[in-house]
There are 2 protein chains.
Amino acid sequence: MVNYPNGKKASVTHNPTSFADRGMTLEKDINQTNDYYLSIDRAVIHKKPTPVQIVKVDYPMRSAAKITEAYFKLPSTTDYNGIYRGKYIDFEAKECAVNTSFPLKSIHAHQIAHLEAVCRHGAIAFLIVRFTSRNITYLADAMTAINYIRTCGRRSIPYEWFTENAYEIPYNYVRPVDYLKVVDEVYFRENA
Amino acid sequence: MVNYPNGKKASVTHNPTSFADRGMTLEKDINQTNDYYLSIDRAVIHKKPTPVQIVKVDYPMRSAAKITEAYFKLPSTTDYNGIYRGKYIDFEAKECAVNTSFPLKSIHAHQIAHLEAVCRHGAIAFLIVRFTSRNITYLADAMTAINYIRTCGRRSIPYEWFTENAYEIPYNYVRPVDYLKVVDEVYFRENA
């Protein structure tokens with residue numbers, strides 16, 4: 001790497017996204033894509049609400065009920081599901097800050113079990129993984145990924161596994177994560 | 001109506017369910033049924049979490065993040081979806097305290113639009129309506145109900161419409177709302 005004229009090393013610039021927004025960019029991009037799919041009636045796919053255990057609710061006069069004590073719950077399913085071309089669609093989406101591998105701790109065991117169950121019943125199910133510093137997003141078929149996870153004996157999936165076994169999802173201004181283009185090619189055997 | 005010997009009129013006894021639990025019995029029954037279906041690997045159908053707009057979160061030391069301000073949001077879809085026999089399943093469930101008709105104000109316009117959209121894409125979609133004082137639960141096909149709603153010019157669906165156009169859902173101790181039995185008969189043309 002060429003250094004600056006003052007002799008300092010050029011540092012890799014990091015994404016200025018704040019801590020609170022970490023992992024949210026992919027979610028926003030998928031939501032925007034889903035809104036677009038819905039607006040042109042191509043598919044009906046939604047993010048499920050964040051599961052929350054509500055403990056206390058105030059009912060103030062003349063205004064909306066206010067939740068004053070609640071806790072995040074572990075999701076028992078994946079974040080996204082819906083219908084496309086008559087098929088049930090189910091997927092989980094994760095951002096990955098590490099360049100070299102995707103840590104498996106970010107996917108819960110019951111989410112794996114859920115993906116296996118919907119596949120047994122005929123779903124199209126997959127993972128969407130974005131390597132944020134590479135700015136590349138992959139679609140990995142759920143059963144292909146799960147078979148690897150079950151047999152690899154590792155705590156992470158190496159980046160190379162994605163380049164060889166998953167599909168890059170194209171970016172588009174109105175469909176930032178145009179995953180249905182990949183779904184058409186992979187699950188409906190077409191060049192869409 | 002025959003009066004009591006003391007001359008007082010017999011009053012209709014109301015269900016002692018508290019205000020907070022109103023409308024929750026059907027939800028509990030459906031959740032129990034879905035848990036059973038999941039346990040025998042018959043279907044994967046879940047209730048979506050209640051949508052909540054989170055405003056403030058406390059992160060106390062050494063304990064779980066606590067949501068201290070949040071508000072209920074209007075759901076943009078129905079409450080339940082999943083997969084059964086390879087088909088995408090989508091439904092909304094409502095309890096109805098009125099004996100004679102089901103008030104349409106309890107179903108939002110965007111839920112109707114959502115049900116129409118998933119039907120266009122090939123879903124099996126329906127309403128589950130329980131008339132609580134009659135203790136009877138019906139499954140009404142979504143498009144059949146929506147076509148009636150669009151043309152009837154009424155603010156409610158009369159009870160008789162359900163007896164003529166919907167299907168009674170059998171009760172079972174382990175499957176309190178055994179709606180897949182009706183789904184088999186209505187959408188898969190079988191006597192299950």
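First things first, this report covers the structure right here in the doc.

How each quantity is defined
Residues numbered from 1 in each chain as written. Chains lettered and ligands numbered in written order. Predicted model: local features only at pLDDT ≥ 70, side-chain atom pairs only at ≥ 80, totals over all residues. Heavy atoms only, no water. Pairing = 2+ DSSP bridges. Helix = DSSP H or I, 4+ residues; strand = E, 2+ residues; numbered from the N terminus. Axes fitted to C-alpha atoms, helices over the stretch in contact; angles between N-to-C directions. Least-squares fit on C-alpha atoms with pLDDT ≥ 70 in both. Contact = heavy atoms within 4.5 Å. Core = buried A, V, L, I, M, F, W, Y, C linked by side-chain atoms within 4.5 Å. Buried < 20%, exposed > 50% of the residue type's maximum accessible area, 1.4 Å probe, protein only. Buried area = accessible area lost by both parts, 1.4 Å probe. Salt bridge = Lys/Arg side-chain N within 4 Å of Asp/Glu carboxyl O. Polar contact = N/O pair within 3.5 Å; in protein donor to acceptor, adjacent residues only side chain to side chain. Patch = residues over 30% accessible without salt bridge, like charges linked within 9 Å, V, L, I, M, F, W, Y side chains within 5 Å. Areas by Shrake-Rupley, 256 points an atom, 1.4 Å probe, with all protein chains shown as cover. Phe/Tyr/Trp six-rings, centres within 6.5 Å; stacked < 30°, edge-to-face > 60°.

## Quick notes on the sheet that holds strand β2 (residues 52-58) of chain A
Consideration 1: Taking strand neighbours across the sheet as the criterion, the 4 strands line up as β2(A)-β3(A)-β3(B)-β2(B) in an open arrangement whose pairing is antiparallel. Strands with a single pairing partner mark the edges of an open sheet, and in this sheet they are β2 of chain A together with β2 (52-58) of chain B. This sheet shows a mean twist of 30 degrees between the axes of neighbouring strands, independent of strand direction.

## Things to note about the relation of the copies chain B and chain A
Consideration 1: Between chain B and chain A, which share one sequence, the superposing operator has a rotation angle of 180 degrees and an axial displacement of 0.0 Å; the RMSD is 0.0 Å. Given the turn and translation reported, the copies of this chain are related as if by a two-fold rotation axis.
Consideration 2: Most of the interface of chain B is mirrored in chain A, where 100% of its interface residues again form contacts.

## Overview of the nonpolar core
Grouped burial of nonpolar side chains is what soluble globular proteins tend to show.
Consideration 1: If you look at the biggest cluster of nonpolar residues, it comprises 58 residues, and the most contacted ones within it are Phe102, Phe131 and Phe162 of chain A together with Phe102, Phe131 and Phe162 of chain B.
Consideration 2: Beyond its immediate chain neighbours, meaning those up to four positions away, Phe131 of chain A contacts Cys96, Val98, Asn99, Ser101, Phe102, Ile136, Tyr138, Tyr159 and Phe162 of chain A.

## Some words on unusual backbone geometry
Consideration 1: Although it is not a glycine, Arg85 of chain A adopts a positive phi angle of roughly 50 degrees.
Consideration 2: For Arg85 of chain A, the position within the fold is in the loop between β4 (80-84) and β5 (87-96).
Consideration 3: Owing to a relative accessible area of 36%, Arg85 of chain A belongs among the partly exposed residues under this scheme.
Consideration 4: In this structure, Asn135 of chain B is a non-glycine residue whose phi angle is positive, near 55 degrees.

## Re the sheet that holds strand β4 (residues 80-84) of chain B
Backbone hydrogen bonds are what pair the strands of a sheet, in a parallel or an antiparallel way.
All names here are of chain B.
Consideration 1: With mixed pairing, the 6 strands of this open sheet are ordered in space as β1-β4-β5-β7-β8-β10. Each edge of the open sheet is held by one strand with a lone partner, namely β1 (44-47) and β10 (167-168).
Consideration 2: Note: β1 against β4, 4 bridges, orientation antiparallel. By the bridge assignment, Lys47 is partnered in β4 with Tyr80.
Consideration 3: Lying over the sheet, helix α1 (residues 24-39) contacts β1, β4, β5 (87-96), β7 (124-131) and β8 (136-141), oriented at roughly 150 degrees with respect to β5.

## A short note on the environment of Ile54 of chain A
Consideration 1: Looking at where Ile54 of chain A falls in the secondary structure, it is placed in strand β2.
Consideration 2: According to the relative accessible area criterion, Ile54 of chain A is partly exposed, its value standing at 27%.
Consideration 3: Discounting chain neighbours no more than four positions away, the residues touching Ile54 of chain A are Ile67, Glu69 and Ala70 of chain A together with Val52 and Phe72 of chain B.

## With respect to the interface of chain B and chain A
Consideration 1: Contacts between the two partners involve 34 residues from chain B and, on the opposite side, 34 residues from chain A.
Consideration 2: Carbon and sulfur atoms make up 67% of the surface buried where chain B meets chain A, a total of about 2,900 Å² over both sides.
Consideration 3: When the area that chain B buries against chain A is broken down by residue, the three leading residues are Ile67, Ile83 and His121 of chain B, summing to 22%.
Consideration 4: Summed over the shared surface of chain B and chain A, the number is 2 salt bridges.
Consideration 5: For the salt bridge of Arg120 of chain A with Asp41 of chain B, the shortest nitrogen-to-oxygen distance reads 2.8 Å.
Consideration 6: If you list the elements that add at least two residues to the side of chain B that touches chain A, you get β1, β2, β3 (66-72), β4 and α2 (109-120) of chain B.
Consideration 7: As defined by bridge partners, strand β3 (residues 66-72) of chain A adjoins β3 of chain B across 4 bridges and the pair is classed as antiparallel. Bridge pairing in β3 of chain B links Tyr71 of chain A to Lys66 of chain B.

## Some remarks on the environment of Lys48 of chain B
Consideration 1: You can see Lys48 of chain B is positioned in the loop between β1 and β2.
Consideration 2: Residue class for Lys48 of chain B comes out buried when judged on its relative accessible area of 7%.
Consideration 3: On a C-alpha basis, the gap between Lys48 of chain B and Asn81 of chain B in space is 7.7 Å, while along the polypeptide they are 33 residues apart.
Consideration 4: Discounting chain neighbours no more than four positions away, the residues touching Lys48 of chain B are Lys48 and Pro49 of chain A together with Thr77, Thr78, Asp79 and Asn81 of chain B.
Consideration 5: Within the local environment of Lys48 of chain B, its side chain forms a polar contact with the side chain of Thr77 of chain B, the two groups lying 2.7 Å apart.

## Observations regarding a nonpolar patch on the surface
All names here are of chain A.
Consideration 1: Residues Tyr171, Tyr173 and Val174 make up a contiguous nonpolar surface patch of roughly 400 Å² in combined accessible area.
Consideration 2: In this structure, Tyr173 sits in the loop between β10 (167-168) and α5 (179-187).
Consideration 3: For Tyr173, a relative accessible area of 70% corresponds to the exposed category.

## Overview of the packing of aromatic side chains
Consideration 1: This structure, assessed with the given rule, holds 31 aromatic pairs over all chains.
Consideration 2: Residues Phe131 of chain A and Tyr159 of chain A carry aromatic rings whose centres are separated by 4.8 Å and whose planes lie at 85 degrees to one another, so their mutual orientation is edge-to-face. Of this pair, Phe131 of chain A sits in strand β7 (residues 124-131) while Tyr159 of chain A sits in helix α4 (residues 159-165), and the two are 28 residues apart along the sequence.
Consideration 3: Tyr159 of chain A sits in the buried class, given a relative accessible area of 10%.
Consideration 4: A ring pair is formed by Tyr148 of chain B and Trp161 of chain B, whose centres lie 5.4 Å apart and whose planes are at 35 degrees; its orientation type is tilted. Here Tyr148 of chain B is found in helix α3 (residues 142-152), whereas its partner Trp161 of chain B is found in helix α4 (residues 159-165), with 13 residues between them in sequence.

## Points about the side chain of Gln111 of chain B
Consideration 1: Looking at where Gln111 of chain B falls in the secondary structure, it is placed in helix α2.
Consideration 2: Among residues more than four places away in sequence, those in contact with Gln111 of chain B are Pro75, Thr77, Thr78, Glu92 and Ser106 of chain B.

## With respect to the pairing of β7 of chain A
All names here are of chain A.
Consideration 1: For β7, the tally of buried residues reaches 8 of 8 residues, placing the bulk of the element in the interior.
Consideration 2: Neither face of β7 is open: one carries Ile124, Phe126, Ile128 and Arg130, the other Ala125, Leu127, Val129 and Phe131, and all of them are buried.
Consideration 3: By the bridge criterion, 8 bridges tie β5 to β7 in an arrangement that is parallel. Within the sheet, the bridge partner assigned to Ala93 lies in β7 and is Ile128.
Consideration 4: Summarising the sheet, β7 and strand β8 (residues 136-141) pair through 6 bridges and their orientation is antiparallel. Within β8, the residue paired with Phe126 across the bridge is Asp141.
Consideration 5: In this antiparallel pair of consecutive strands, β7 and β8, the connection spans 4 residues, and Asn135 shows a positive phi of 55 degrees.

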